[in-house]
Amino acid sequence: MAEIAFIGLGQMGSPMATNLIKKGHRLSVYDINAQAVTTLSELGATAASSPAEAAKGAEFVITMLPNGTLVQDVLFGERGVTQTLSRDALVIDMSTIHPLESDRLCQRMSEAEFSYMDAPVGRTSDHAIAGTLLILAGGTAEQVDRATPILMCMGSELVNCEGPGMGIRVKLINNYMSIALNALSAEAAVMCEALGLPLDVAVKVMSNTPAGKGHFTTSWPNKVLKGDLTPSFMIDLAHKDLGIALDVANQLHVPTPLGAAAREVYSVARAAGRGRQDWTAILAQVRTLAGRAAD
């Protein structure tokens, strides 16, 4: 049983704190929403009047807040956590914030001789209620080991992201891909409707192709990630097929801004002489454009 300060009782934070109480931990909670604090108090938590009061005597301090500015204020502001925080305590920021803000917070905490790690979560508020969140733990090996029993009270899966700041980095990239793909998938779904293609047929097919599974786990591992750009499916052919799809969408008055943007990426790759390379060479081309790597 641990003494935990939990700060940030919103849609995700409240059920996360509730699960810690259910697992037998002693919580001191704070939020600007008095009703949220009252609700947790009725479940057995101790209500705190400030972050500093919540953190007093805590072994762990968990923050679950909307942005980095609020995390900074909670840690270092007037009546902030660091005013009462023990040097033996571990601060775990589970918020989804800008990774460079997280780096600055980590550095500032380290300079003040406090222990800080990031552990943002994946999945939804329903998973927060069920205690089945995906925990993306960024910290030293010692910090992750120490935090794991606490974190697993709120989640069903923990990934050690192998270093301070790496949890928020992988969360950012995961959300970037998921959110962008959501919009591209909407374009594809409306194109299905416009063509009279049953969506369940499209779902069945795409569930077993890179369209549904993603390239990280299908086309890339045996080609570009191994440095092999010999064509299984050439960039020239991918560009042609994408052009056909965009022409169909245009004739059916289906907006496809993401598809159009993707075609420009393939056009740039073709102009760079990659037309007869494997379509996974798009990764190599984007690396080149970013000035980051050779083929």
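The shown structure was predicted, so the numbers you read here are calculated from the model rather than taken from an experiment.

Here the focus is a nonpolar patch on the surface. Taken together, the side chains of Leu-195, Leu-197, Val-201, Val-205, Met-206 and Leu-252 make up a nonpolar region of the molecular surface, amounting to roughly 470 Å² of accessible area. Here the nonpolar patch gets three residues from one element, more than from any other, and that element is helix 9 (residues 199-206). On the secondary structure map, Leu-195 appears in helix 8 (residues 166-195).

Along the chain, the position of Thr-82 falls in the loop between helix 4 (68-76) and strand 5 (90-93). Of note is the side chain of Thr-82, whose polar atom sits 2.7 Å from the backbone oxygen of Leu-75. Among residues more than four places away in sequence, those in contact with Thr-82 are Leu-75, Phe-76, Met-109 and Phe-114.

Turning next to the UniProt feature "domain: 6-phosphogluconate dehydrogenase NADP-binding" (unreviewed entry) in the chain. Residues annotated by UniProt as "domain: 6-phosphogluconate dehydrogenase NADP-binding" (unreviewed entry) correspond here to residues 3-159. Between the end C-alpha atoms of residues 3-159 the distance is 24 Å, and the span holds 40% helix and 23% strand.

Most of strand 8 (residues 133-137) is tucked away: five of the five residues are buried. With two bridges connecting them, strand 7 (residues 121-122) and strand 8 associate as antiparallel partners. By the bridge assignment, Val-121 is partnered in strand 8 with Ile-135. In this view, the connection linking strand 8 to its parallel neighbour strand 9 (residues 155-160) by way of helix 7 (residues 141-151) has right-handed handedness.

This chain's UniProt record puts "binding site: NAD(+)" (unreviewed entry) on Gln-11, Met-12, Asp-31, Leu-65, Thr-96 and Lys-240. In sequence the annotated residues extend across 230 residues, and in space they extend as well, their farthest C-alpha pair lying 54.6 Å apart. The residue Met-12 is located in the loop between strand 1 (3-7) and helix 1 (13-22) in this model. Taking the relative accessible area as the measure of exposure, Met-12 reaches 18% and is therefore buried. Setting aside its immediate chain neighbours within four residues, Met-12 contacts Met-64, Val-121, Arg-123, Thr-124, Ser-125, Ala-128 and Leu-133. Here Thr-96 lies in the loop between strand 5 and helix 5 (99-111). Among the residues examined, Thr-96 registers a relative accessible area of 39% and is labelled partly exposed. Separated by 2.5 Å, the side chains of Thr-96 and Lys-171 make a polar contact.

Turning our attention to the environment of Leu-283. For Leu-283, the location among the structural elements is in helix 13 (residues 281-289). Taking C-alpha positions, Leu-283 is 31 Å from Gln-251, a pair spaced 32 residues apart along the chain. Ignoring sequence-local partners within four residues, the contact set of Leu-283 consists of Trp-220, Val-224 and Leu-225.

Okay, the packing of helix 4 against helix 5 next. Pairs of packed helices are described in terms of their axes, by the angle between the two and the distance that separates them. Interhelical geometry of helix 4 versus helix 5 gives an angle of 10 degrees and a closest axis separation of 10 Å. Judged by the angle between their axes, helix 4 and helix 5 are roughly parallel. The two elements helix 4 and helix 5 meet at a crossing, and its hand is right-handed. Contact residues: Gly-68, Thr-69, Val-71, Gln-72, Leu-75 and Phe-76 in helix 4; Glu-101, Leu-105, Arg-108 and Met-109 in helix 5. Classifying every residue of the contact of helix 4 with helix 5 by side-chain character gives five nonpolar, three polar and two charged.

What counts and what doesn't
Residues numbered from 1 in each chain as written. Predicted model: local features only at pLDDT ≥ 70, side-chain atom pairs only at ≥ 80, totals over all residues. Heavy atoms only, no water. Patch = residues over 30% accessible without salt bridge, like charges linked within 9 Å, V, L, I, M, F, W, Y side chains within 5 Å. Areas by Shrake-Rupley, 256 points an atom, 1.4 Å probe, with all protein chains shown as cover. Salt bridge = Lys/Arg side-chain N within 4 Å of Asp/Glu carboxyl O. Helix = DSSP H or I, 4+ residues; strand = E, 2+ residues; numbered from the N terminus. Polar contact = N/O pair within 3.5 Å; in protein donor to acceptor, adjacent residues only side chain to side chain. Contact = heavy atoms within 4.5 Å. UniProt positions renumbered as here; feature names shortened; annotations may be inferred. Buried < 20%, exposed > 50% of the residue type's maximum accessible area, 1.4 Å probe, protein only. Pairing = 2+ DSSP bridges. Right-handed = clockwise from strand over helix to strand, strands pointing away. Axes fitted to C-alpha atoms, helices over the stretch in contact; angles between N-to-C directions. Parallel < 35°, antiparallel > 145°, perpendicular 65-115°, else oblique. Left-handed = near helix turned anticlockwise from the far one by under 90°. Nonpolar A, V, L, I, M, F, W, Y, C, P; charged D, E, K, R; others polar.

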